[in-house]
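This is what each chain is made of:
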Amino acid sequence: MGSVSKDRIRAKLKAEGTTVKVLLAHPMHTGRAKNEAEELIPAEFIQDIRCLRNGQEVLTVKCGTATAKNPYFSFGLIGGEIGDSIEITWVDNLGNKGMAEATVK
Amino acid sequence: MRCLNWKVLANSIDHNRRLILKGAVSSTTLALVVSSGLLAPKRLLAHWPKDAFNAQTLEDALQVLLGETEIKSNDKVKFKVGSPPTYAVNGASVPIEIQSSLTGIEQVSVLVENNPFPLAMNFELTSETQLPLKSFIKIAEDSNVYAVIRAQGKLYSTVRFVEVDIGGCG
């Protein structure tokens, strides 16, 4: 799987509710892998992802090192309208932060 | 500081009462500030259940995360791992999908028994969230993968055995 350059969200309104797909750009190093020089790559992974709809928290994801590189996840939301704002914020174990935003289509 | 004030004002009941009220207000304000998310970054890190994610056996992870190790298997939890199911060519990226007919789901956890740290992901749902949940996880070697759902205070789980060609936890 290739690297993606930035965090992306797709949110679509369907008959059964809103479906949100999230793809984050993150290497998710476990701290056990080695690079070409046989040195350990230090751990760097997303720990906490928050999803908000119109500013209200709807889902919290806690990740360990076993979440795949460039974390992807999708989930459903009950109801929703076209134009709702979906916001994702994440924090990794080194304190790096990221944010992405999208509107429901 | 407050102790000193107390002593000084100890002879006046009125003053004392005011001080107590004042103290109560300030502690509520503090609680509000904390819960409003002004301290969000610190809170985010502090809330990561470190002990559960660093647990090295399935039992420990379950014990720390959910407070129980004996969880009954339940067919109300539909759980797909791998593509095609139960098989993964590349352990670094194994698709998972969790679906359930249960209502009032509060928490969904994914655990890989033979990983160095079994707990892979933990979803905390609200009343607005609905399944299915889909994601990708890393699996080090052939292993049982558990999906545990907490719904209305009860725990339900499903287990799937997955064969992995290339381990994905290096």
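Residues numbered from 1 in each chain as written. Chains lettered and ligands numbered in written order. Predicted model: local features only at pLDDT ≥ 70, side-chain atom pairs only at ≥ 80, totals over all residues.

(A) Region of the structure containing the overall build of chain A. The helix and strand inventory of chain A stands at zero helices and seven strands. What you see in chain A, going N to C, is helices and strands ordered as β-β-β-β-β-β-β. In terms of principal-axis extent, the alpha carbons of chain A reach across some 50 × 25 × 20 Å. Classification of the 105 residues of chain A by burial places 37% in the buried group. A fraction of 54% describes how many contacts in chain A between residues 6 or more apart in sequence connect residues 24 or more apart. (Helix = DSSP H or I, 4+ residues; strand = E, 2+ residues; numbered from the N terminus. Buried ≥ 20, exposed ≤ 12 C-beta atoms within 10 Å, placed from the backbone. Contact = placed C-beta atoms within 7 Å.)

(B) Geometry of the overall build of chain B. Looking only at helices and strands, chain B features five helices and eight strands. The N-to-C order of helical and strand elements in chain B reads α-α-α-α-α-β-β-β-β-β-β-β-β. Residue burial in chain B is summarised as follows: out of 170 residues, 32% are buried. Counted over contacts in chain B with a minimum sequence separation of 6, partners at least 24 positions apart contribute 66%.

(C) Representation of the sheet that holds strand S5 (residues 72-77) of chain A in the model. An order of S1(A)-S2(A)-S5(A)-S6(B)-S3(B)-S1(B) is seen for the six strands of this open sheet, with the pairing classed as antiparallel. Two strands in the sheet have a free side with no partner beyond their single neighbour: strand S1 (8-14) of chain A together with strand S1 (77-81) of chain B. When strand polarity is set aside, the average angle formed by the axes of neighbouring strands in this sheet is 10 degrees. Sheet topology note: the S1 of chain A/strand S2 (residues 17-23) of chain A ladder contains seven bridges and is antiparallel. Bridging from a neighbouring strand, Ile9 of chain A pairs with Val22 of chain A of S2 of chain A. (Pairing = 2+ DSSP bridges. Axes fitted to C-alpha atoms, helices over the stretch in contact; angles between N-to-C directions.)

(D) Broad picture of unusual backbone geometry. Each neighbour pair has its own omega, and for Leu131 of chain B with Pro132 of chain B the value is 5 degrees, a cis peptide bond. Among the secondary structure elements, Pro132 of chain B is positioned in strand S6 (residues 129-137). A positive phi angle is found at Met28 of chain A, which is not glycine, with a value near 55 degrees. Relative to the helices and strands, Met28 of chain A resides in the loop between S2 and strand S3 (46-53). Here Met28 of chain A falls in the buried class, since 21 other C-beta atoms lie within 10 Å of it. A positive phi angle, close to 50 degrees, is found at Asn54 of chain A, a residue other than glycine. As for its position among the elements, Asn54 of chain A is in the loop between S3 and strand S4 (56-63).

(E) Geometry of the nonpolar core. Formed by 61 residues in total, the largest nonpolar core has its most connected members in Leu119, Ile137 and Ala147 of chain B. Non-local contacts of Ala147 of chain B, meaning those with residues more than four positions away in its chain, are made with Val77, Phe79, Ile98, Val108, Val110, Ser157 and Thr158 of chain B. (Core = buried A, V, L, I, M, F, W, Y, C linked by C-beta atoms within 7 Å.)

(F) Molecular detail of the interface of chain A and chain B. Contacts between the two partners involve 29 residues from chain A, matched on the other side by 33 residues from chain B. When contributions to the side of chain A that touches chain B are tallied by element, the ones reaching two or more residues are S3, S4 and S5 of chain A. Looking at the side of chain A that touches chain B, the element that brings in the most residues is S4 of chain A, giving seven residues. Grouping the constituent residues of the side of chain A that touches chain B by class yields 14 nonpolar, nine polar and six charged. (Nonpolar A, V, L, I, M, F, W, Y, C, P; charged D, E, K, R; others polar.)

(G) Main features of the sheet that holds S4 of chain A. Across the sheet, which stays open at both edges, the nine strands sit in the order S7(A)-S6(A)-S3(A)-S4(A)-S5(B)-S4(B)-S7(B)-S8(B)-S2(B) with mixed pairing between neighbours. Of all the strands in the sheet, the pair left with one neighbour each is strand S7 (97-103) of chain A together with strand S2 (87-90) of chain B. Strand-to-strand, the axes of this sheet are offset by a mean angle of 20 degrees, without reference to chain direction. Pairing of S4 of chain A with strand S5 (residues 119-125) of chain B, which is carried by five bridges, proceeds in the antiparallel orientation. Residue pairing across strands places Leu59 of chain A opposite Leu125 of chain B, the latter belonging to S5 of chain B.

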